[in-house]
Amino acid sequence: MQKKTACPLDCYDACSVIVDAGKLKGDKLHPYTHGYLCPHLNHFKKRERIAEPKLRGEVVSMETALAHLETLVRDAREGNGILHYRSSGNFGLMQGVTDHFFASVGAALTKGSLCDGAGEAGVVEGRGANRALPPEQIAEADVVMVWGRNVPVTNSHLLPFLKGKELIVVDPVRTAFAESADIHIQLKPGGDLYFAMLLARFIVIEGMYDAEYLAEHGEAFEEYYELTQTVRIKAALDSIGLGLGDIGRVLERLKGKKVAILVGTGVQKYRHGDEVLRAIDAIGTLLGLFGKPGCGVSFLGSSSSGIPSPFAAARRFESKAAAAFSDYDLVFVQGANPVAQMPDTRRVVDSLSKAGHVVYFGLYENETSAMAELVIPAKTFLEKRDVRTAYGHNAMLEMPECETGETGISEYALCTALCTAFDVPLESEAYYLEHFLACGEAKDDKTLVKGREALPYAEGFDTDDGQFLFLEEYDFDFDMEEDYFLVSPKSPRSLNSQFDRESRVFMHPECGFEEGASVRLVSEQGSLELPLAYDDRLLADCVLVYAGTPGVNNLTTSLRSFAGENACYQANKIKVEAC
Ligand SMILES: Nc1nc2c(c(=O)[nH]1)N[C@H]1C(S)=C(S)[C@@H](COP(=O)(O)OP(=O)(O)OC[C@H]3O[C@@H](n4cnc5c(=O)[nH]c(N)nc54)[C@H](O)[C@@H]3O)O[C@H]1N2
Ligand SMILES: Nc1nc2c(c(=O)[nH]1)N[C@H]1C(S)=C(S)[C@@H](COP(=O)(O)OP(=O)(O)OC[C@H]3O[C@@H](n4cnc5c(=O)[nH]c(N)nc54)[C@H](O)[C@@H]3O)O[C@H]1N2
Ligand code: SF4
Ligand SMILES: [Mo]
């Protein structure tokens, strides 16, 4: 018998999945899934998962594991407290049920982000709220400008909506997507703020702005124009590897067209990530793109937008990107691999090794499970009930239990055991699922989250006075040091640290190092040796190490973004040495 569920992975697409005699297939009837899945889910069943709970490396029963967890929680509550470190291994809404227990017993949860926090902060500063464009609006555009998002790799189910459009890609790497575009702006990593400010400046100079729209929604645009004049045109363009012709080519394509600008995480892996989003949004405001059919600027949305949490709220928080694990008697890690995925691995390992006790609750063995005293296997998304929403579209998908098995425990069952032991009130699983499902409503051929608009900002911005808040100052100086830029994007073969992780570093063939030999990458934070592969899609001064490559975050910094408390994976320059 066929069952329908949804992919739980951290991805823009949140695909609708048909489970047919144990096989996973893309749902042909779901308007966003188009009948295909990606390699992550096509090979999902082949992955070796953790089979049994382990206590100090010895296999134990689930009963023993839960009893030990209970003791650790009891002791830590009386001591230096508990940190519940939950990340994005599974995006189902029921993952949050453990927050309910931990918040209720006074544990700290995390704030800030490893992912899109800097960009999100910028969007909220300028527009008042972050609302993403649904795929149907993107499909109405004439021109789609994709800025720091690798659509075929990270958001492949958007491709059918981009067919036949003029495409502009802004990316320091000549990706296959960039290659397929009408224009590829191959700027230096981190050069986006200057590029966006100069585009805005020339939009004003050329009189391309929408005066009527600005009178209503962007009164302060002349002050912003003055700010853009502080960017010295020739020097700035030289520093980011572009020329005046690049500005002209882009503006020529945008003129008088329905333009959708899609922004990914690539532009905001820096301390000033919020300013980049504000500057890109300013282009959208000057051109009057917001609230018009087929137009707009769209960053990653929030998958929980429109879904009030039914769970207890925490009162204490620890930084997601720079958590001080050593301050806690108990660190409970769920759906996460912080040892590999947080920045500044040396600091993370040092801090985590000084925590009283570490418990890992997940599907796969990884760097973090290796440091845990207690390892608890989870059930897969096929074996538990959940509801999925997305950051790339507004659909809601129900996830019934499709398979049964002896391995692992669901988040709800684990939470029930803990709540029972500590007398924390917990509603039934059905209650929470119904709460989430009640936030959706059927529309045409799909279920959508209520309140998420088909055309965001049609009624203006969500700021206090409805005006777009242009950037008023910026804290950015392009780093002209000799060293290499680190580019650390998503790999086609892994989903962060899940599945087939890359193990090489990529550099331009003319880098002067021998292909196949190991090179040592060195930053202020640490170093890493990897075999070198040539990649002529890269600029000569860039080193590419994919997210999920073991050791990549030895190189990255614990410094967080100026706004949004985000990790800054590309803020460091690095040196390369032959080994
Ligand atoms: N296959 C696969 N898909 C994924 C994931 C995965 O690990 N693997 N992860 C998921 C997650 S957690 C997320 S957050 C999303 C993120 O997905 P995306 O938003 O696509 O993020 P990235 O792949 O990190 O970066 C996108 C592009 O930005 C470019 N870039 C790097 N630096 C800069 C820069 O300074 N300026 C500009 N303009 N571009 C830059 C990179 O070369 C890359 O092509 O993907 C999700 N989907
Ligand atoms: N250098 C560099 N580092 C990066 C990034 C980058 O671009 N470059 N990207 C950052 C970004 S955008 C993100 S979102 C983070 C992601 O980093 P993390 O949130 O740590 O995600 P994953 O690496 O996917 O690890 C998820 C773990 O979740 C567990 N898991 C999967 N499904 C379930 C489940 O159903 N239940 C439970 N309990 N556990 C489950 C699996 O065991 C898996 O090992 O990485 C960040 N790190
Ligand atoms: S594209 Fe994204 S949502 Fe779809 S199956 Fe792959 S990981 Fe899951
Ligand atoms: Mo992410």
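Fair warning: this is a prediction, and the values are worked out from it, not measured in the lab.

The N-to-C vectors of helix α2 (residues 62–78) and helix α17 (residues 411–421) enclose an angle of 50 degrees; their axes lie 11 Å apart at closest approach. Comparing their axes, α17 and α2 come out oblique. Along this stretch, α2 crosses α17, giving a crossing that reads as right-handed. When α2 is examined against α17, the residues Leu-66, Leu-69, Glu-70, Val-73 and Arg-74 are found in contact with a partner set consisting of Leu-414, Ala-417, Leu-418 and Ala-421. A breakdown of the residues in the contact of α2 with α17 according to their chemical character gives 7 nonpolar, no polar and 2 charged.

Our focus in this paragraph is the pairing of strand β8 (residues 143–147). Counting buried residues in β8 gives 5 out of 5 residues, a clear majority hidden from the surface. Here β8 shows a buried face lined by Val-143, Met-145 and Trp-147 and a second buried face lined by Val-144 and Val-146. Where β8 and strand β11 (residues 259–263) come together, 5 bridges link them in parallel fashion. Each residue of the ladder has a partner; that of Val-144, found in β11, is Ala-260.

On the surface, Glu-222, Glu-223, Glu-226, Glu-472, Glu-473, Asp-475 and Asp-477 cluster together to form a negatively charged patch. Tracing the chain through its elements places Glu-472 in the loop between β20 (446–449) and β21 (484–487). Glu-472 sits in the exposed class, given a relative accessible area of 63%.

Moving on: the nonpolar core. Judged by nonpolar contacts, the single largest core of 83 residues is most densely connected at Leu-24, Leu-41, Leu-69, Val-73, Phe-101, Phe-102 and Leu-414. The contact partners of Leu-41, leaving out residues within four places of it in the chain, are Cys-7, Leu-9, Val-17, Leu-24 and Phe-381.

Next up on the list: the site of ligand 2. Residues in close proximity to ligand 2 total 34 residues, the closest being Ser-87, Tyr-360, Glu-411, Lys-490 and Ser-497. Lys-490 is positioned such that a nitrogen or oxygen atom in its side chain is 2.8 Å from a nitrogen atom of ligand 2. For ligand 2, a nitrogen atom lies 3.0 Å from a polar atom in the side chain of Asn-553. Per-element tally for the shell around ligand 2: the top contributor is strand β15 (residues 357–362), with 3 residues. A per-class count over the shell around ligand 2 returns 12 nonpolar, 16 polar and 6 charged.

Below, the discussion takes up the site of ligand 3. Close to ligand 3 lie Cys-7, Leu-9, Cys-11, Asp-13, Ala-14, Cys-15, Leu-37, Cys-38, His-40, Leu-41 and His-157. Taken together, the residues of the shell around ligand 3 break down into 8 nonpolar, 2 polar and 1 charged.

A word on the domain arrangement of the protein chain. In terms of domain boundaries, the protein chain breaks down into domain 1 (3–113 + 312–448), domain 2 (117–298) and domain 3 (485–578). A separation of 26 Å is found between the C-alpha centroids of domain 2 and domain 3. Listed by partner, the interface residues are 21 residues for domain 2 and 25 residues for domain 3. The largest contributions to the domain 2 side of the interface with domain 3 come from Pro-189, Lys-269 and Arg-271, which together make up 38% of the buried area. One can count 2 salt bridges joining domain 2 with domain 3. Residue Arg-174 pairs with Asp-536 through a salt bridge whose shortest N-O separation is 3.5 Å. Looking at the side of domain 2 that touches domain 3, the elements that each hand over two or more residues are α4 (117–127) and α6 (151–154). For the side of domain 2 that touches domain 3, the element with the most residues is α4, which contributes 4 residues. Residue composition of the side of domain 2 that touches domain 3, grouped by class: 8 nonpolar, 7 polar and 6 charged.

This part takes up the pairing of strand β26 (residues 527–534). Direction of pairing for strand β24 (residues 505–507) relative to β26: parallel, over a ladder of 3 bridges. Residue Met-507 lies in a different strand from β26, and its bridge partner there is Tyr-534. Here strand β25 (residues 518–522) runs beside β26; their pairing, made up of 5 bridges, is antiparallel. Residue pairing in the sheet places Leu-521 in a bridge with Leu-528 of β26.

Since the α-helix advances by 3.6 residues per turn, residues separated by three or four positions end up pointing in the same direction. Of all 11 residues in α4, 8 are buried, a share of seventy percent or more. Gly-128 sits one or two positions beyond α4 and adopts a positive phi of about 90 degrees.

It is worth spelling out the pattern of salt bridges at this point. What the rule picks out here adds up to 36 salt bridges. Between Arg-131 and Asp-462 there is a salt bridge whose closest N-O contact spans 2.5 Å. Taken as a pair, Arg-131 in the loop between α4 and α5 (135–138) and Asp-462 in the loop between β20 and β21 lie far apart in primary sequence, 331 residues in all. Residue Arg-131 is classed as partly exposed on the basis of its relative accessible area, which comes to 25%.

Reading the values: rules and limits
Residues numbered from 1 in each chain as written. Chains lettered and ligands numbered in written order. Predicted model: local features only at pLDDT ≥ 70, side-chain atom pairs only at ≥ 80, totals over all residues. Heavy atoms only, no water. Axes fitted to C-alpha atoms, helices over the stretch in contact; angles between N-to-C directions. Helix = DSSP H or I, 4+ residues; strand = E, 2+ residues; numbered from the N terminus. Parallel < 35°, antiparallel > 145°, perpendicular 65-115°, else oblique. Left-handed = near helix turned anticlockwise from the far one by under 90°. Contact = heavy atoms within 4.5 Å. Nonpolar A, V, L, I, M, F, W, Y, C, P; charged D, E, K, R; others polar. Buried < 20%, exposed > 50% of the residue type's maximum accessible area, 1.4 Å probe, protein only. Pairing = 2+ DSSP bridges. Patch = residues over 30% accessible without salt bridge, like charges linked within 9 Å, V, L, I, M, F, W, Y side chains within 5 Å. Areas by Shrake-Rupley, 256 points an atom, 1.4 Å probe, with all protein chains shown as cover. Salt bridge = Lys/Arg side-chain N within 4 Å of Asp/Glu carboxyl O. Lys, Arg positive; Asp, Glu negative; His and termini not counted. Charge placed at Lys NZ, Arg CZ, Asp CG, Glu CD. Core = buried A, V, L, I, M, F, W, Y, C linked by side-chain atoms within 4.5 Å. Near = heavy atom within 4 Å. Polar contact = N/O pair within 3.5 Å; in protein donor to acceptor, adjacent residues only side chain to side chain. Domains from an automatic or database assignment. Buried area = accessible area lost by both parts, 1.4 Å probe.

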